[in-house]
Amino acid sequence: MGIIDFIFYVSAALVLGSATVVVTSRNPVRSALALVLTFLASASIWMLAYAEFLALILILVYVGAVMTLFLFVIMMLDIDVVTTRQRFVRYAPLVIAMGVILTGLLLLALKPDYFVFAHLQSAVDYGLSYSNTAELGKILYTEYVLAFEVAAVLLLVAIIAAVSLAHRKPRDCKTQQPVAQMMVDPKQRIRLVKPERK
Amino acid sequence: MIMGLLEELPAFAWILIKIVAILIPLLLGVAYLTFAERKVIGYIQGRIGPNRVGFRGMLQPFADIIKLVFKEIIIPVRSNRYLFFVAPIFTLTPALIAWAAIPFAPNLILANINAGVLYVFAMSSIAVYGILIAGWASNSKYAMFGALRSAAQTISYEISMGFALVGVLIAAGSMNFQDIILAQQGSLLNWFFIPLLPLFMVFWISGIAETNRAPFDLAEGESEIVAGFHVEYSGVSFALFFLAEYASMILISFLLAILFLGGWLSPFEGIPGLDEWFAWVPGLAWMLLKVSFFLFAYLWLRATFPRYRYDQLMRLGWKVLIPTTIVWIPVVAVLVKLNVGPWFS
């Protein structure tokens, strides 16, 4: 067992452990931070599978952007820990049922023998000159270009929807007009008066 | 398992030595950057600056460090004690691990990875957690407001910074730092700051905003929120925040030099006569010279400009810098596609 295996087992243990903390932690901020750790550990596992682009994008997008906004919202909310704990117990049967259904669907879709060890292949190392990013780009813009474009349009629609939901018209809120501020003539604001001598 | 690990121990030790060889000069650089800051701003403001400790104040940074180390660490009442201690580590670690992919000279690089640019950018995007956690765990209004301001600012300016990077990637056709530097080979006119001038300016401004430095240092606006997210920190834990801030300043300066000013390339390249004259200068010297310029600019800007107002800051990021990059990326793409010389021919 080399260093690679060692890193794999450490990160795998981290993924499982921190994912458990996400669900069980009483403090929502701690849950969010545990989720960040889960993402970081899974990124290092992907890195071991030579998927450096995906691993770094996972950190960049999920850790750097999505989870920061999550933390932002959670920190501003005043969450009552006792009631969330009661809800945790109340919703437990529902959550377990959902877990069973999801696992069942996965097993139906993929068939149990998909998970047999003999079918799994280890990642292939193509050497240093091989660029994971370039290969991903090639396949994304040729074979999967339609799916890619559809996803892009969907994201655009989501952005427009978010902007139109959050946007308030200027008459509803007081905004500053930077252009008007810059165009101000000092003469309009200050009147210099020479006081008469007595 | 132990045997397997032991076999790889020499390689591991060699990497550790390299890491120390990067970190010690970096920490010394941080120490003297704080000294340079006080001196430069002092002279700009018509003062002399620190000149008592050592020759002309040269030992001042060490005096500061010793003072900080021996100060008492105060833990605020009802703070989240564990996160309060973890936050400075969360800030410092990303600022240091990003250095793994930075090239210092033609063969001087710890990890010459293909996705180097993406790696550095991903690591610097984690740094915001330290600030957020510090502000939240301190159980203090000022720290909380400082953290929220700082996080919002960092996220906003990361977008324009990322777009500016996209322009560089299109121009260089690679995410490897050494390839980006080699793509600027030829002469001073081949450096990317000419075809990518708007992106260069955007990256520079966003870099200053990203490190929360003046004139974008609203996160620690003294007159409004005392000192921002680290107001409750003292002693060593405060020193770690300080260290992280200056380390990321140096990192941004390195990135600017690599991406737009040709990294370790000589500015006299391609000029007959001068090129041979300066052939003995190592690439590291050119790199450090360019980095020093950007670091000086950091201090210069701090001494020159008044602080932005928060809405002005957001306006600049979202309505000026991001549209600029969105316009210039297609322009760069067209320049590359048409092989416009001397940069892309």
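Residues numbered from 1 in each chain as written. Chains lettered and ligands numbered in written order. Predicted model: local features only at pLDDT ≥ 70, side-chain atom pairs only at ≥ 80, totals over all residues. Heavy atoms only, no water.

Q: Just to check I follow, could you spell out the packing of aromatic side chains for this structure?
A: We describe a pair of aromatic rings using the distance from one ring centre to the other and the angle between the two ring planes. All names here are of chain B. If you walk through the whole model with that rule in mind, you get 26 aromatic pairs over all chains. Seen in terms of ring centroids, Trp204 and Phe294 are 5.1 Å apart; in terms of plane orientation they differ by 85°. Their pairing is edge-to-face. One end of the pair, Trp204, is in helix H9 (residues 197-210); the other, Phe294, is in helix H13 (residues 283-304), and 90 residues separate them in sequence. Per residue, the accessibility class of Trp204 equals that of Phe294, and both read buried. Between the aromatic rings of Phe268 and Trp286, the centroid separation amounts to 5.8 Å while the plane-to-plane angle is 70°, which identifies the pairing as edge-to-face. Here the residue Phe268 occupies a position in the loop between helix H11 (235-260) and helix H12 (274-277), and Trp286 occupies one in helix H13, the gap between them amounting to 18 residues. (Phe/Tyr/Trp six-rings, centres within 6.5 Å; stacked < 30°, edge-to-face > 60°. Helix = DSSP H or I, 4+ residues; strand = E, 2+ residues; numbered from the N terminus. Buried < 20%, exposed > 50% of the residue type's maximum accessible area, 1.4 Å probe, protein only.)

Q: Just to check I follow, could you spell out the pattern of salt bridges for this structure?
A: Any two side chains of opposite charge can pair, so long as their charged atoms come close to each other. Residues and elements named next belong to chain B. Inspection of every chain in the model, using the stated rule, returns seven salt bridges over all chains. Put simply, Asp217 and Arg307 hold a salt bridge, and the shortest N to O gap is 2.9 Å. Of this pair, Asp217 sits in the loop between H9 and helix H10 (222-225) while Arg307 sits in the loop between H13 and helix H14 (310-337), and the two are 90 residues apart along the sequence. Judged by relative accessible area, which is 11%, Asp217 ranks as buried. What emerges from the salt-bridge pattern is a single network uniting Glu37, Arg213, Glu245 and Arg302. (Salt bridge = Lys/Arg side-chain N within 4 Å of Asp/Glu carboxyl O.)

Q: What's the story with the interface of chain B and chain A in this structure? I'm lost.
A: When the parts come together, some accessible area is lost, and that loss is often what is quoted as the size of the interface. Residue-level contacts link 31 residues of chain B with 34 residues of chain A. Interface area for chain B against chain A, summed over the two sides, is near 2800 Å², with a carbon-plus-sulfur share of 76%. At the junction of chain B and chain A, the tally comes to zero salt bridges. If you look at where chain B meets chain A, you find two residue pairs in polar contact (both at pLDDT 80 or more). Those elements giving two or more residues to the side of chain B that touches chain A turn out to be helix H1 (2-7), helix H5 (116-126), helix H6 (128-137), helix H7 (141-172) and H14 of chain B. Among the elements that take part in the side of chain B that touches chain A, H5(B) stands out by supplying seven residues, more than any other. (Contact = heavy atoms within 4.5 Å. Buried area = accessible area lost by both parts, 1.4 Å probe. Polar contact = N/O pair within 3.5 Å; in protein donor to acceptor, adjacent residues only side chain to side chain.)

Q: Is there a simple way to explain the nonpolar core in this structure?
A: Most often, soluble globular proteins keep nonpolar side chains buried together rather than apart. Of all hydrophobic cores here, the largest spans 111 residues; its most connected members are B:Ile102, B:Tyr129 and B:Phe260. Both domains that furnish three or more residues to this core are identified here as domain 1 (22-70) and domain 2 (73-337) of chain B. (Core = buried A, V, L, I, M, F, W, Y, C linked by side-chain atoms within 4.5 Å. Domains from an automatic or database assignment.)

Q: Any chance you could explain the domain arrangement of chain B here in plain terms?
A: All names here are of chain B. Domain assignment breaks chain B into domain 1 (22-70) and domain 2 (73-337). Placing the centre of domain 1 and that of domain 2 at their C-alpha centroids yields a distance of 22 Å. Domain 1 puts 15 residues into the contact, and the matching count from domain 2 is 21 residues. Carbon and sulfur atoms supply 87% of the area buried between domain 1 and domain 2, which totals about 1600 Å² over both sides. Of all residues in domain 1, the largest losses of buried area upon contact with domain 2 belong to Leu33, Glu37 and Leu68, amounting jointly to 35% of the total for that side. On the surface where domain 1 and domain 2 come into contact, there are two salt bridges. Arg302 serves as the salt-bridge partner of Glu37, at 2.5 Å between the closest nitrogen and oxygen. For the pair domain 1 and domain 2, the interface holds three residue pairs in polar contact (both at pLDDT 80 or more).

Q: Please explain the side chain of B:Ser206 as it appears in this structure.
A: In this structure, B:Ser206 sits in helix H9. Not counting chain neighbours up to four residues away, the residues in contact with B:Ser206 comprise B:Tyr157, B:Ser160, B:Met161 and B:Leu321.

Q: Explain the confidence of the model for chain B to me, please; I cannot follow it from the model alone.
A: A low pLDDT means the predicted coordinates there should not be read in detail. Residue and element names in this part refer to chain B. Of the residues in chain B, 98% have a pLDDT of 70 or more, and the chain-wide mean is 85. Averaged pLDDT values for the elements of chain B fall to 67 in H1 and rise to 91 in H9. Quick note on the complex model: pTM equals 0.85, ipTM equals 0.81. (pLDDT = per-residue confidence, 0-100.)

Q: How do you make sense of the environment of B:Phe238 when you look at a structure like this?
A: All names here are of chain B. Considering the arrangement of structural elements, one finds Phe238 in helix H11. In the structure, Phe238 is positioned 216 residues away from Ile22 in sequence and 23 Å away in space, judged by C-alpha atoms. The contacts of Phe238, once residues within four sequence positions are left out, are Leu68, His230 and Tyr233.

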